[in-house]
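Architecture and fold: a report
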Amino acid sequence: MRPISYARATDPVEAIATVLADPESAYLAGGTTEIDLLRLGVVRPTALVDINDLPLARIDGTDDGGLRIGALARMSDVAEDSVVVQRFPMIAEALLLGASPQLRHMASMGGNLLQRVRCSYFRDGVSPCNKREPASGCSALLGINRGHAILGTSEHCIATHPSDMAVAMAALEAIVHVAGPNGERTIPIAEFHRLPGDRPEIDNTLQHGEIITAVELPAQDFSRNHTYLKVRDRLSYAFALVSVAAALRLDGGTVTDARLALGGVAHKPWRVPDAESMLRGKAPSPDLFGNVADRILAGAKGYEDNAFKIDLARRTIVRALSQAADGKPQSQTDKRIQ
Ligand SMILES: Cc1cc2nc3c(=O)[nH]c(=O)nc-3n(C[C@H](O)[C@H](O)[C@H](O)COP(=O)(O)OP(=O)(O)OC[C@H]3O[C@@H](n4cnc5c(N)ncnc54)[C@H](O)[C@@H]3O)c2cc1C
Ligand code: SF4
């Protein structure tokens, strides 16, 4: 039995100071990741600082048409918020395609960005895993790797980031607001999650003690032509094999702006700005979308069980862009989403 201290913070400064004082401590929000991993023995915090009483759950539209979502807003509340649905429907769709209704009631925005990989070797608590136990090896390289990454991998880790919401956030260039011992700072979402490289134990650029306070979505008009398309083994309650967040701005049949991010394929939401540029100034067509997909997947590498993801990703990109161009997101074509 290992003792764990528990404190319920009422003030962000106090919460930061408490976590900062102990390198083995962690914040606790909805607990749907943290408590899971604690029970499995994958994480071993000595102290948990419950942040649920902090005033960080507001969802506010900004005057210029953007949005600020508090880190403690629950996935279900964000997905149903009228301003989110009106201004950033792709975020609502990505949230509704994640987890289950019960989990979405518990799970917070900040926790969602910080959820850990679903690699079974990481979660079993005993297999060699560089992420859980640095320099112990990566069991997935020659093991079961069907759900693993095809882009941005390293010889040290091939896990994928499992969040759906983060993929839509990456496409919409969200900004993560953080508070820490040195005050507040912002991190563009593209710089928030990291690739494994030779430090796979580090998931993101947050420092110990820093707390996510909010996620901001800058004003932009992608509310008509978009889709979050998630391909998974079951229609509900399953992580993405491949997902694509696609958003287009069209003017008279020509693409004037485009955003594309992939999930289920890398250690972070995957964006290739060059591929997005290929869409601008062109008329939507399957050939164009296929060329864009080829550009995105140019460096993709499959392993024993997951090589199928390369072709799956290509087809998912083409379908997502086609749905976005037609103004028919997955939520409208698939009424069975839960
Ligand atoms: C069975 C199951 C299926 C799931 N399916 C999906 C899915 O399909 N798609 C998907 O996207 N997600 C899925 N999830 C993941 C789920 O979305 C996350 O577990 C959830 O969003 C985490 O939020 P939380 O508030 O519970 O975080 P917690 O478990 O409380 O915390 C997670 C981590 O974030 C840290 N943390 C939390 N809040 C903050 C903060 N504000 N600042 C700094 N650190 C913080 C904690 O210390 C911890 O390390 C699934 C989860 C489960 C259990
Ligand atoms: S892929 Fe990453 S998380 Fe999975 S066993 Fe290898 S190092 Fe661990």
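Up top you'll find the structure we're talking about.
For the structure given in this document, a descriptive report is provided here. Residue indices begin from 1 for each chain and proceed along its sequence in written order. For naming, the first written chain is A and the first written ligand is 1, with later ones following in the order written. Note on the predicted model: pLDDT of at least 70 is required for a residue's local features to be given, and 80 or more for side-chain atom pairs to be given and counted; whole-chain, interface and lining totals, by contrast, use all residues. As a rule here, side-chain values cover all heavy atoms of the structure and leave hydrogens and water aside.

1. Side note on the sheet that holds strand β10 (residues 242-251)
Two strands qualify as a pair provided DSSP detects at least 2 bridges between them. Numbered from the N terminus, helices here are DSSP runs of H or I no shorter than four residues, and strands are runs of E no shorter than two. Strand order in the open sheet made by the 3 strands is β9-β10-β11, with antiparallel pairing throughout. Taken across any chain shown, the strands that pair with only one partner, and hence form the sheet edges, are β9 (225-231) and β11 (254-263). Strand-to-strand twist across the sheet, computed as the mean angle between neighbouring axes with direction ignored, equals 10°. Direction of pairing for β9 relative to β10: antiparallel, over a ladder of 7 bridges. The partner of Val231 across the bridge, within β10, is Val242. Two residues qualify as a contact provided that any one of their heavy atoms is within 4.5 Å of a heavy atom in the partner residue. With axes taken as lines fitted to C-alpha atoms, and helix axes fitted only over the stretch in contact, angles between N-to-C directions fall between 0 and 180 degrees. Across the sheet, helix α12 (residues 308-326) touches β9, β10 and β11, and the angle it forms with β10 is around 30°.

2. Quick notes on the packing of aromatic side chains
By convention, a stacked pair of Phe, Tyr or Trp rings (six-membered ring in the case of Trp) has centres within 6.5 Å and planes under 30 degrees apart, an edge-to-face pair has planes over 60 apart, and any other such pair is tilted. Going through the model one piece at a time under the given rule, you end up with 0 aromatic pairs. The ring centre of Phe222 lies 4.4 Å from the NZ or CZ of Arg249, which sits over that ring. The criterion for a charge sitting over a ring is simple: Lys NZ or Arg CZ within 6 Å of the ring centre, and within 35 degrees of the ring normal.

3. Details of the site of ligand 1
Ligand 1 sits among 32 residues. The nearest are Tyr27, Thr32, Thr33, Ser108 and Asp164. Between ligand 1 and Ala99, the relevant distance is 3.0 Å, taken from an oxygen atom to a main-chain nitrogen or oxygen of the residue. At 2.7 Å from a nitrogen atom of ligand 1 is found a side-chain nitrogen or oxygen belonging to Asp164. Burial of ligand 1 by the protein chains amounts to 93% of its free accessible area of 980 Å². For the shell around ligand 1, the secondary-structure elements that each account for two or more residues are β2 (25-28), α2 (34-40), α7 (109-113) and β8 (211-217). Of the residues forming the shell around ligand 1, the biggest block, 3 residues, is contributed by β2. Gly counts as polar in this scheme, as do all residues outside two lists: the nonpolar Ala, Val, Leu, Ile, Met, Phe, Trp, Tyr, Cys and Pro, and the charged Asp, Glu, Lys and Arg. Residues that form the shell around ligand 1 fall into these classes: 17 nonpolar, 10 polar and 5 charged. Summary of the distance rule: residues count as near a molecule or strand when at least one heavy atom falls within 4 Å of that molecule or strand. Polar contact criterion, stated in full: a pair of N or O atoms within 3.5 Å, where within protein one must be able to donate a hydrogen and the other to accept it, and residues adjacent in sequence count only if both atoms are side-chain atoms. To be clear on the numbers: accessible area is Shrake-Rupley with a 1.4 Å probe, and residue cover counts the displayed protein chains and nothing else.

4. Concerning the pattern of salt bridges
Within this document, salt bridges are pairs made up of a side-chain nitrogen of Lys or Arg and a carboxyl oxygen of Asp or Glu, the two lying within 4 Å of each other. Enumeration over the complete set of coordinates arrives at 19 salt bridges. Arg8 serves as the salt-bridge partner of Asp50, at 3.0 Å between the closest nitrogen and oxygen. Taken as a pair, Asp50 in strand β3 (residues 47-50) and Arg8 in strand β1 (residues 5-8) lie far apart in primary sequence, 42 residues in all. By relative accessible area, Asp50 is classed as buried at 4%. A 1.4 Å probe rolled over the protein chains alone gives each residue an accessible area, and that area as a share of the maximum for its type sets the label: buried under 20%, exposed over 50%, partly exposed in between. With a relative accessible area of 41%, Arg8 lands in the partly exposed category. Two residues, Asp124 and Arg132, come together in a salt bridge whose shortest N-O distance is 3.6 Å. On the accessibility criterion, Asp124 (33% relative accessible area) is partly exposed.

5. Observations regarding the sheet that holds β3
One open sheet holds the 3 strands; their spatial order is β1-β3-β2, and the pairing between them is parallel. Two strands close off the open sheet at either side, each with one partner strand: β1 and β2. Adjacent strand axes in the sheet meet at a mean angle of 20°, parallel and antiparallel pairs treated alike. Here 4 bridges tie β2 to β3, and the two strands are oriented parallel to one another. Residue pairing across strands places Ala26 opposite Leu48, the latter belonging to β3. Packing against the sheet, helix α1 (residues 12-20) makes contact with β1, β2 and β3, and its axis sits at approximately 150° to β2.

6. Things to note about the site of ligand 2
Around ligand 2, the surrounding shell holds 15 residues, and the nearest of these are Cys119, Cys129, Cys138, Cys157 and Ile158. Grouping the constituent residues of the shell around ligand 2 by class yields 10 nonpolar, 4 polar and 1 charged.

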